[in-house]
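Survey of secondary and tertiary structure
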Amino acid sequence: NALVRYNRAIVDALAGVVPSAKVQVAYYEMYGVPGMRAFHETIEYAKSKGLVVIADCKRNDIGATAGAYANAYLGETPLGEGHDAAFPVDFVTVNAYLGIDGVKPFLEAGKVRGGGIFALVKTSNPSGGQLQDLKIGDRTVYEVMGDLLSEWGEDSIGKYGYSSVGAVVGATYPEQGAALRKRLPHTFFLVPGYGAQGGGANDVAGAFDKNGLGAIVNSSRAILTAWKKAGTDGKDFAQQARKAALTMKED
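The paragraphs below set out a description of the structure included in this document. These numbers come from a predicted model, not from an experiment.

Looking only at helices and strands, one finds twelve helices and eleven strands in the protein chain. A compact globule built from 251 residues would reach a C-alpha radius of gyration of about 18 Å, and the protein chain, at 18 Å, matches this within 12%. Seen through its C-alpha atoms, the protein chain measures out along the principal axes to roughly 55 × 50 × 35 Å. Expressed as a percentage of its 251 residues, the buried residues of the protein chain come to 45%.

Below, the structure written as structure tokens:
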């Protein structure tokens, strides 16, 4: 109940300032069934306030199991004579390194409500390069993954020129992000790493196209717990979150 109250206050403070809420499932799973109830209620409340909701779950598997994950977040689960949307979000993060048979179920489920995915390409964590920077021929692993996403999204390009198959591209690697933007003109980017992980406005600039579109920048701790940096007692957490979001937006 405390999590839900906190999240509702954050959403109320940020609605109209930010376009989207990214809800990280790990911080709900660790509380078991009550945590997942809070996860569901947070999603529902954010959507009721007009926010695009991204479930940060990094799900993947193959075949029927991938389909079950996909139905949970983007599609619907058969239930008796009807169907139920378990966690009805707009986008879900996916680990696509299992290949197309682990991604296709998400693409199919995304057609139910017009949702999509953000697949891991060049992640923001320090050790990501151990695998992602390795070369396959003349391409890095993350370039190969990006090219695959571009191919998988060809059939879902919308009126703004971007497909429903997005890429996670960290702000902590700005040069690679800018190069990927040029390489993947129809792939929308989810950009983590701003704020607490050290990324700044100059680091995320290259993720956007010439029209200032094509990416959404994520900031988690710097907004959710902005009261800590402000040095207050936390009772003004929602006001401090709004202030931090406006500062970030200006930046």
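Let us look at helix 7 (residues 141–152). In this model, helix 7 (twelve residues) spans 17 Å end to end at C-alpha, consistent with the 16 Å of a helix rising 1.5 Å per residue. Among the residues of helix 7, those classed as buried are Val141, Tyr142, Glu143, Val144, Met145, Gly146, Leu149 and Trp152.

With respect to the helices and strands, the residue Lys122 is situated in strand 6 (residues 116–122). Given a relative accessible area of 0%, Lys122 falls into the buried group. A distance of 2.7 Å separates a polar atom in the side chain of Lys122 from a polar atom in the side chain of Asp133. Not counting chain neighbours up to four residues away, the residues in contact with Lys122 comprise Gly129, Gln132, Asp133, Tyr142, Val168, Val169, Gly170, Tyr173, Gln176 and Leu180.

Structurally, the α-helix is built with 3.6 residues per turn, so residues lying three or four positions apart point the same way. Those residues of helix 5 (residues 104–113) lying buried are Pro105, Phe106, Leu107, Ala109 and Gly110. Looking at the buried side of helix 5, the elements it contacts are strand 2 (52–59), helix 4 (63–73), strand 5 (91–94), strand 6, helix 7 and strand 9 (165–169). Remark: Gly114 follows helix 5 within two positions and exhibits a positive phi of approximately 80°.

Another point: the side chain of Arg181. Mapping Arg181 onto the fold places it in helix 8 (residues 174–183). The residues contacting Arg181, other than those within four sequence positions of it, are Tyr162, Thr187, Phe189, Gly206, Ala207, Phe208, Asp209 and Gly214.

This part takes up the packing of helix 1 (residues 2–14) against helix 3 (residues 32–48). At a minimum axis distance of 10 Å, the contact between helix 1 and helix 3 shows a crossing angle of 20°. Viewed along their axes, helix 1 and helix 3 adopt a mutual orientation that is roughly parallel. Both helix 1 and helix 3 take part in a crossing whose hand is right-handed. Residues Leu3, Val4, Asn7, Arg8, Val11 and Asp12 of helix 1 form the contact with helix 3, whose own contacting residues are Ala38, Glu41, Thr42, Tyr45 and Ala46. Among the residues making up the contact of helix 1 with helix 3, the classes are represented as six nonpolar, two polar and three charged.

What counts, and at which threshold
Residues numbered from 1 in each chain as written. Predicted model: local features only at pLDDT ≥ 70, side-chain atom pairs only at ≥ 80, totals over all residues. Heavy atoms only, no water. Helix = DSSP H or I, 4+ residues; strand = E, 2+ residues; numbered from the N terminus. Rg over C-alpha atoms; globule rule 2.2 N^0.38 Å. Buried < 20%, exposed > 50% of the residue type's maximum accessible area, 1.4 Å probe, protein only. Expected span 1.5 Å × (residues − 1). Polar contact = N/O pair within 3.5 Å; in protein donor to acceptor, adjacent residues only side chain to side chain. Contact = heavy atoms within 4.5 Å. Axes fitted to C-alpha atoms, helices over the stretch in contact; angles between N-to-C directions. Parallel < 35°, antiparallel > 145°, perpendicular 65-115°, else oblique. Left-handed = near helix turned anticlockwise from the far one by under 90°. Nonpolar A, V, L, I, M, F, W, Y, C, P; charged D, E, K, R; others polar.

Nothing here speaks to function; it is all geometry.
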